[in-house]
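# Observations on the three-dimensional arrangement
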Amino acid sequence: MIHAYSTESAIPNKALFKRNVDAAFEDLVIGERAVTLNKKSAYLIQAIDGSKLLNSLNVEAISGETIGIEKLSTGCKAALLIQLLPEDYVISCIEVGENALEQILRMNRGSIYLPWVLPLEQDIRFDMSYTTPGRKQQFYSYHELFEAAGGTIWQD
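Residues numbered from 1 in each chain as written. Predicted model: local features only at pLDDT ≥ 70, side-chain atom pairs only at ≥ 80, totals over all residues. Heavy atoms only, no water.

Across its full length, the protein carries five helices and nine strands. In terms of overall dimensions, the protein is globule-like: its C-alpha atoms have a radius of gyration of 15 Å, near the 15 Å expected for 156 residues. Counting over 156 residues, the protein shows a buried share of 49%. In the protein, the proportion of contacts linking residues at least 24 apart, taken out of those at least 6 apart, comes to 53%. Working note: accessible area of the protein is about 7800 Å², and carbon and sulfur atoms make up 48% of it. The centroid of the 14 positive side-chain charges in the protein is displaced by 6 Å from the centroid of its 20 negative side-chain charges. (Helix = DSSP H or I, 4+ residues; strand = E, 2+ residues; numbered from the N terminus. Rg over C-alpha atoms; globule rule 2.2 N^0.38 Å. Buried < 20%, exposed > 50% of the residue type's maximum accessible area, 1.4 Å probe, protein only. Contact = heavy atoms within 4.5 Å. Areas by Shrake-Rupley, 256 points an atom, 1.4 Å probe, with all protein chains shown as cover. Lys, Arg positive; Asp, Glu negative; His and termini not counted. Charge placed at Lys NZ, Arg CZ, Asp CG, Glu CD.)

Quick look at the structure:
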């Protein structure tokens, strides 16, 4: 199940909110090595950035060049954090692109800060609790969520 929050004020106080995805990735994946990349991580890196995971610190970019994982896109980093961290971490999806958002939703797990609902070509099926100020709703597809939000940005 995905736990999504439309505003920062909707995020539970006990949650570990990671607003800055790049800094959280640097700290938890590269620095502390609190989590380890795995086969699912390799799939996400390929699906989102088109790169191939070579080892825990490097990928082969589309150009064939070996680069450090710190150079992955912010969307890819967000997806990896959601995949690797427990659900008490809420990962910001403000800077993720459409391809990363699709992969994040397909995981059907984790906690995300999703202050906007934009149209996606594909209707992705999932089980999501979506919390807005004063209201918690259950959604089972992205199109259902988009229709309920009116394709808008939620406001605090």
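What follows continues from the structure just given.
A few words now on unusual backbone geometry. Leaving glycine out, the prevailing phi sign among residues is negative, and the prevailing peptide bond configuration is trans. With a phi close to 55°, asparagine 108 is a non-glycine residue in the positive phi region. Relative to the helices and strands, asparagine 108 resides in the loop between α4 (98-107) and β7 (110-113). With relative accessibility at 28%, the residue asparagine 108 sits in the partly exposed group.

All right, on to the nonpolar core then. The biggest cluster of nonpolar side chains holds 49 residues, and the ones touching the most others in it are Ile69, Leu80, Ile104 and Leu105. Residue assignment for this core shows that the elements contributing at least two residues are β1 (2-5), α1 (21-31), α2 (39-49), α3 (74-84), β6 (89-92), α4, β8 (125-132) and α5 (142-149). No other element matches the seven residues that α3 contributes to this core. Sequence-distant contacts of leucine 105, defined by excluding residues within four places in its chain, comprise Ile2, Leu120, Ile124, Phe126, Met128 and Tyr142. (Core = buried A, V, L, I, M, F, W, Y, C linked by side-chain atoms within 4.5 Å.)

It is worth spelling out α2 at this point. Along α2, the residues that are buried comprise Ser41, Leu44, Ile45, Ile48 and Asp49. Down the axis of α2, the smallest arc covering the buried residues is 100°, so these residues share one side. Buried residues in α2 make contact with β3 (52-53), β4 (58-60), α3 and α4. You can read the cap of α2 off the contacts: a side-chain oxygen lies 3.0 Å from the backbone nitrogen of lysine 40, and it is on asparagine 38. Looking at the residues trailing α2, positive phi occurs at glycine 50, about 70°. (Arc of directions from axis to C-beta. Polar contact = N/O pair within 3.5 Å; in protein donor to acceptor, adjacent residues only side chain to side chain.)

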